[in-house]
Amino acid sequence: MIESQPFGTLPTGDSATLYLLSNGQITVRVTDLGATIVGIDAPGSQGELADIVLGYDDAAAYYPNTPYFFGATVGPSANRVFRGEVPIDGTVYCLPRNEGSNNLHTDHTRGLHALIWDADVNEDACAITFTCAVDDGAYGLPGNRTFTVRYALDGMRLLADYTATTDTATFFNLTNHTYFNMSGEGTGSVHGQQLQIAAERYLPIDATSIPTGELRPVEGTPFDFRAPKLIGKDIAGSDEQLALAHGYDHCFCIDGYTANAADGGSARFAVRALDPVSGRGMEVWTSLPGMQLYTGNFLDEDHGKGDSTYRVQEGFALEPQFYPATPSHPSFPQAIFDEAHPYRAHNVYRFFTV
């Protein structure tokens, strides 16, 4: 079942719509503003539902949705790019330098997250497809580009499929920036929740949060989540990488990535999250090579849904993506696509109870 309702008016005068996808097991709320995930009602072990997604009550609060990018589709370039520079076929294109000398999330006020997307509802499939297009040169990158995000409910799974096409070679690195709290949004710290991440290696960063180019083994470090571990176990330790990011804000190299699959590749198990108290859990599967873990290190008394106030490390983001700063590290899986080779990515969120 899919219902729609007004979600408010933006300062631009544009109106946003909220869509509710529900199948009697879970309910997902998404909006055409930024193809954004607004809420997910998931059951706990006793059947009690809780909204596990941090966010706001109306579209105006999401516009332009910075600095947190709650639930947003971020692109065409997610995460950080060193000096904003993207070399393509011998020409260096420049994204806005909006975090010191680097680029973060393309454009904070005009990125894909701040656009109203077209919506196509498929009631029979309990699915909705959002589409938007940008012109050649937008965001400093080449190509007339079209983006689609399709959300669909399948039992206890939310399927999120991404496509981006272009008429010339360009750079695509999309992600979703939902913050989760498996106990329920607004319930406090996520330190007591567990994560398991299928990654033998992660990307250490420099003082500006740009990956150094090293793929460092997680073994023997606070970044070893190969077995389930509480988020708070090591987060306040003395590790230099945790100090640089004020917690976790690092990309993990998800095991088993295969490049150049025409359909984007199959989704692989990446992360398992669990709140031991409520028994509410979620797995994230992705076809992409990386998963950024961000533990909400700079949430700052932000007023969220209802009477919620979001404070430091009261939510965590799991962002499937190509590695950050890929243009400056040729050894990383590359994210240049063209007319014959469109961008495709498949992500799956599977909810469960224990």
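Residues numbered from 1 in each chain as written. Predicted model: local features only at pLDDT ≥ 70, side-chain atom pairs only at ≥ 80, totals over all residues. Heavy atoms only, no water.

Brief notes about the pattern of salt bridges
Evaluation of the coordinates by the stated rule reveals 16 salt bridges. Here R80 and E99 are joined by a salt bridge, their closest N and O atoms 2.7 Å apart. Highlighted residues: R80 in strand β7 (residues 80-81) and E99 in the loop between β9 (91-94) and β10 (103-104), separated in sequence by 19 residues. A residue is classified by how much of its surface remains accessible, and R80, at 9% relative accessible area, is buried. When the shortest N-O distance is used, the salt bridge between E301 and R311 registers 3.2 Å. Residue E301 is located in the loop between β25 (290-294) and β26 (302-303), and its partner R311 is located in the loop between β27 (309-310) and β28 (316-321); the two are separated by 10 residues in the primary sequence. Assessed through its relative accessible area of 49%, E301 is described here as partly exposed. (Salt bridge = Lys/Arg side-chain N within 4 Å of Asp/Glu carboxyl O. Helix = DSSP H or I, 4+ residues; strand = E, 2+ residues; numbered from the N terminus. Buried < 20%, exposed > 50% of the residue type's maximum accessible area, 1.4 Å probe, protein only.)

Examining the packing of aromatic side chains
One pass over the full model with this rule turns up 26 aromatic pairs. For the pair F180 and F316, a centre-to-centre distance of 6.2 Å together with 45° between the ring planes defines the contact as tilted. On the criterion of sequence distance, the pair formed by F180 in strand β17 (residues 179-180) and F316 in strand β28 is long-range, its members being 136 residues apart. Three or more aromatic residues joined by ring pairs form one cluster here, namely F7, Y56, Y62, Y68, F70, Y179, Y294 and Y310. Taking the ring centre of F225 as reference, the NZ or CZ of K229 above it sits at 4.2 Å. (Phe/Tyr/Trp six-rings, centres within 6.5 Å; stacked < 30°, edge-to-face > 60°. Lys NZ or Arg CZ within 6 Å of the ring centre and 35° of its normal.)

A look at the sheet that holds strand β22 (residues 249-254)
Strands sit in the order β17-β28-β25-β22-β19-β20 across an open sheet of 6 strands; the sheet is antiparallel. The strands lining the two open edges of the sheet, one partner per strand, are β17 and β20 (216-217). Here strand β19 (residues 199-202) pairs with β20 via 2 bridges, running antiparallel. Paired with R201 across the bridge in β20 is P217. (Pairing = 2+ DSSP bridges.)

Considering empty space enclosed by the protein
Following the criterion strictly, the structure yields 1 cavity of 30 Å³ or more and no others. There is about 40 Å³ of room inside the largest cavity. Lining the largest cavity are N79, R80, I205, S209, P211, D249, H250, C251, Q292 and P324. Across the lining of the largest cavity, the residue classes break down as 4 nonpolar, 4 polar and 2 charged. (1 Å grid on protein atoms, 1.4 Å probe; cavity = no way out; pocket = protein on both sides within 12 Å on 5 of 7 lines; lining within 4 Å. Points joined across faces, edges and corners; volume = space filled by probe spheres on them. Nonpolar A, V, L, I, M, F, W, Y, C, P; charged D, E, K, R; others polar.)

Details of the nonpolar core
Counting residues in hydrophobic clusters, the biggest one holds 70 residues, and the most contacted among them are Y151, F316 and Y343. Each residue touching Y343, except ones within four places of it in the same chain, is listed here: Y162, T163, A164, F172, L174, L288, F322 and F337. Judged by nonpolar contacts, the second largest core, of 18 residues, contains L18, V38, Y179 and A317. (Core = buried A, V, L, I, M, F, W, Y, C linked by side-chain atoms within 4.5 Å. Contact = heavy atoms within 4.5 Å.)

Quick look at the pairing of strand β18 (residues 194-197)
Burial along β18 is one-sided: the residues L195 and I197 are buried and none of Q194 and Q196 is. Summarising the sheet, β18 and strand β21 (residues 229-230) pair through 2 bridges and their orientation is antiparallel. Pairing of L195 across the sheet is with K229, part of β21. Of the pairings in the sheet, the one linking β18 to strand β23 (residues 268-275) comprises 4 bridges and is antiparallel in character. Across the sheet, Q196 pairs through a bridge with R272, a residue of β23.

Brief notes about the UniProt feature "active site" (unreviewed entry) in the chain
According to UniProt, the positions carrying the feature "active site" (unreviewed entry) are H177 and E319. Taken along the chain, the residues just named run across 143 residues; in space they keep tight, none of their C-alpha pairs more than 5.8 Å apart. On the accessibility criterion, H177 (4% relative accessible area) is buried. When neighbours within four sequence positions are excluded, H177 is seen to be in contact with Y68, F69, F70, G71, A72, V74, H105, A317 and E319. Along the chain, the position of E319 falls in strand β28. Contact partners of E319, with chain neighbours within four places excluded, come to H105, T175, N176, H177, G290, M291, Q292 and Y294. (UniProt positions renumbered as here; feature names shortened; annotations may be inferred.)

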